[in-house]
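Commentary on secondary and tertiary structure
These are the residues of each chain, in order.
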Amino acid sequence: TGWPKFFNQGERPDTDAVIAGELSAGRALITHKHDGSLIIRSVLPDGTVLFRTRGSFDGGEYGVNALAVATAKYPALLDPTVYPHGSLLFEYVGAGNQIVVRYESDDLIFLGAAEHGPPVRYADWPELERLAETLKLTLVETYDWAGAQGVEEILKLVQDWSHSEGVVVRSSDGQTLLKLKSAWYFAQHA
């Protein structure tokens with residue numbers, strides 16, 4: 001289980017409304033949006049640990065690279081007794097995986113966790129912090145902008161960023177996400 005498809009600001013009014021409510025209540029969480037490939041780490045019933053992408057069972061070259069990063073930096077991810085009931089979600093970034101933003105070295109940035117359920121449930125931020133600390137993972141960076149007065153204010157904060165994709169605004173329960181991207185990223189991606 002990866003993230004559900006989530007959208008850029010302005011693409012889905014219902015998502016925009018949820019995030020606007022979370023921001024006005026001061027409950028939203030803002031994390032960095034890394035520009036890489038989503039890696040889903042899960043454990044099969046036979047104990048096989050998989051590093052895959054949304055569109056592949058074995059992750060292809062991204063799975064091989066993610067396994068190499070996990071072996072070198074995050075050995076707990078190779079243990080099939082670690083989070084066997086769900087998926088751990090990472091952004092694989094690296095010199096050989098340039099979408100738009102250039103990264104100097106390969107890494108797996110811990111973004112989230114999904115309990116398989118049913119129903120599927122995405123971990124909230126305190127759960128992610130505990131997992132990152134316990135497993136010694138690199139947790140995605142956060143921005144202390146939760147008091148921002150709406151999406152437009154946050155968009156103004158990221159619009160002029162260069163060499164960065166933007167941010168993801170998350171609801172406090174971790175179930176709703178909204179992407180806000182820099183003008184530089186949109187121009188480069190076009």
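Residues numbered from 1 in each chain as written. Predicted model: local features only at pLDDT ≥ 70, side-chain atom pairs only at ≥ 80, totals over all residues. Heavy atoms only, no water.

Here we look at the pairing of strand β6 (residues 107-115)
A large share of β6 lies buried, amounting to eight of its nine residues. For strand β5 (residues 86-93) and β6, the ladder comprises eight bridges, and the chain directions are antiparallel. What sits directly across from Val93, in β6, is Asp107. The sheet contact formed by β6 and strand β8 (residues 138-139) spans two bridges and is parallel. Pairing of Phe110 across the sheet is with Leu139, part of β8. Pairing of β6 with strand β7 (residues 121-122), which is carried by two bridges, proceeds in the antiparallel orientation. Directly across from Ala114, in β7, lies its bridge partner Tyr122. Where β6 folds back onto β7 in an antiparallel hairpin, the turn is made up of five residues, including Gly117, whose phi is positive at roughly 80°. (Buried < 20%, exposed > 50% of the residue type's maximum accessible area, 1.4 Å probe, protein only. Helix = DSSP H or I, 4+ residues; strand = E, 2+ residues; numbered from the N terminus. Pairing = 2+ DSSP bridges.)

Quick look at the packing of aromatic side chains
Using the criterion set out here, one finds three aromatic pairs in the structure. When the centroid spacing of 6.2 Å and the interplanar angle of 55° are considered together, the rings of Tyr62 and Tyr92 count as tilted. On the criterion of sequence distance, the pair formed by Tyr62 in helix α2 (residues 60-73) and Tyr92 in strand β5 is long-range, its members being 30 residues apart. For the pair Phe90 and Phe110, a centre-to-centre distance of 5.4 Å together with 40° between the ring planes defines the contact as tilted. Taken together, the residues Phe90 in strand β5 and Phe110 in strand β6 connect sequence positions 20 residues apart. Comparing Phe90 with Phe110 shows no difference in burial state: the two are buried. (Phe/Tyr/Trp six-rings, centres within 6.5 Å; stacked < 30°, edge-to-face > 60°.)

Some words on the pattern of salt bridges
Per the counting criterion, the structure on display carries six salt bridges. A salt bridge links Lys33 to Glu165; the nearest nitrogen and oxygen atoms lie 3.5 Å apart. With Lys33 in strand β2 (residues 29-33) and Glu165 in the loop between α4 (151-159) and β10 (166-170), this pair connects stretches of sequence that are 132 residues apart. Each member of the pair, Lys33 as well as Glu165, carries the same accessibility label: buried. Between Lys181 and Glu165 there is a salt bridge, and its shortest N-O distance comes to 3.3 Å. (Salt bridge = Lys/Arg side-chain N within 4 Å of Asp/Glu carboxyl O.)

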